[in-house]
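Single-letter residue listing:
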Amino acid sequence: MLKGKVLEMLNEQMNREFFSWYLYLSAATYFNTLDLEGFEQWTRRQATEETTHAMKIYNYMLERNGEVVLSKIPAPTQKWNSPIEVIEAVYQHECELTGRINDIVRLTREVSDYTTEVFLHWFITEQREEEAMASRVLQKLKMIGNDMGGLLMLDAQVATVGQAPESAT
Ligand code: FEO
């Protein structure tokens with residue numbers, strides 16, 4: 001049975017994953033206003049994926065008879081000044097998530113909750129991929145600078161990011 005600090009941190013992580021959904025949705029909304037359809041598609045897809053991450057934790061807590069706590073989801077930033085600002089925020093958020101997952105894994109080892117540790121291995125791999133994806137797009141945006149043609153080319157590229165395992169920027 002899940003309880004104590006591990007359960008508390010899993011509930012917090014579930015909430016963060018739901019916040020991730022909100023953050024990517026805010027990004028998609030901004031890209032829609034710019035008519036950057038590729039960025040919009042990518043961030044919409046990512047938003048949906050974040051709900052699956054949250055639900056994985058939700059289902060795991062139920063399976064282990066842990067009390068699920070559905071707490072308030074903070075509102076994300078909704079006023080963006082540039083695509084690079086959005087992707088920088090996304091990248092920083094993914095890095096933060098990685099750190100939080102690592103914190104929970106560290107705790108599971110301290111309290112010998114190896115079942116939860118193994119459950120979290122999937123998230124460790126997922127975070128590596130998501131950080132890498134956001135980082136690649138961010139670096140390209142930095143290279144592009146104010147080149148509108150470059151931005152439109154990147155927009156076409158990111159439209160397929162995350163569609164299939166072999167997709168990459
Ligand atoms: Fe659920 Fe983007 O990490």
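Predicted model only: the values in this text are computed from it and were never measured. (Residues numbered from 1 in each chain as written. Predicted model: local features only at pLDDT ≥ 70, side-chain atom pairs only at ≥ 80, totals over all residues. Heavy atoms only, no water.)

A. Fine view of the overall build of the protein chain. In terms of helices and strands, the protein chain carries 5 helices and 0 strands. Starting at the N terminus and ending at the C terminus, the protein chain contains elements arranged as α-α-α-α-α. At 17 Å, the protein chain has a C-alpha radius of gyration in line with the 15 Å of a compact globule built from 169 residues. For the protein chain, with 169 residues in total, the buried portion stands at 44%. Side-chain charges in the protein chain split into 16 positive and 25 negative, and the spacing between the mean points of these groups amounts to 4 Å. (Helix = DSSP H or I, 4+ residues; strand = E, 2+ residues; numbered from the N terminus. Rg over C-alpha atoms; globule rule 2.2 N^0.38 Å. Buried < 20%, exposed > 50% of the residue type's maximum accessible area, 1.4 Å probe, protein only. Lys, Arg positive; Asp, Glu negative; His and termini not counted. Charge placed at Lys NZ, Arg CZ, Asp CG, Glu CD.)

B. Highlighting the packing of helix α2 (residues 37-63) against helix α5 (residues 148-158). The interhelical angle for the contact between α2 and α5, taken along N-to-C directions, is 35°, at an axis separation of 7 Å. In terms of crossing hand, the pair formed by α2 and α5 is left-handed. In contact with E37, G38, F39, W42 and R45 of α2, α5 contributes L151, L154, D155 and V158. (Axes fitted to C-alpha atoms, helices over the stretch in contact; angles between N-to-C directions. Left-handed = near helix turned anticlockwise from the far one by under 90°. Contact = heavy atoms within 4.5 Å.)

C. Structural view of α5. Among the residues making up α5, those that are buried are G150, L151, L154, D155 and V158. Along α5, the residues classed as buried sweep out an arc of 145° about the axis, all on the same side. Every exposed residue of α5 that faces more than 90 degrees away from the buried side is listed here: M153 and A156. Taking the backbone nitrogen of G149 as reference, a side-chain oxygen 3.0 Å away marks D147 as the first, capping residue of α5. (Arc of directions from axis to C-beta. Polar contact = N/O pair within 3.5 Å; in protein donor to acceptor, adjacent residues only side chain to side chain.)

D. Expanded view of the packing of aromatic side chains. All told, the structure shown has 7 aromatic pairs when counted by the stated rule. Taken together, a centroid distance of 5.7 Å and an interplanar angle of 55° make the contact between Y30 and F31 tilted. The rings of Y30, F31, F39 and W42 are connected pair by pair, giving a single aromatic cluster. Here the basic side chain of K56 rests over the ring of W122, its NZ or CZ set 4.2 Å away from the ring centre. (Phe/Tyr/Trp six-rings, centres within 6.5 Å; stacked < 30°, edge-to-face > 60°. Lys NZ or Arg CZ within 6 Å of the ring centre and 35° of its normal.)

E. Main features of the packing of α2 against helix α4 (residues 114-144). Relative orientation of the contacting elements α2 and α4 amounts to 165°, with a least axis distance of 12 Å. Here α4 runs roughly antiparallel to α2, going by the angle between their axes. Regarding α2 and α4, the two cross each other, and that crossing is left-handed. Here α2 contributes F39, W42, Q46, E49, E50, H53, K56, I57 and Y60 to the contact with α4, which in turn contributes T115, T116, F119, W122, F123, E126, E130, M133, V137 and L141. (Parallel < 35°, antiparallel > 145°, perpendicular 65-115°, else oblique.)

F. Fine view of helix α3 (residues 83-110). An ideal rise of 1.5 Å per residue puts 40 Å on 28 residues; α3 measures up with 41 Å between its terminal C-alpha atoms. After α3 finishes, the residue S112 shows a positive phi value of roughly 60°. (Expected span 1.5 Å × (residues − 1).)

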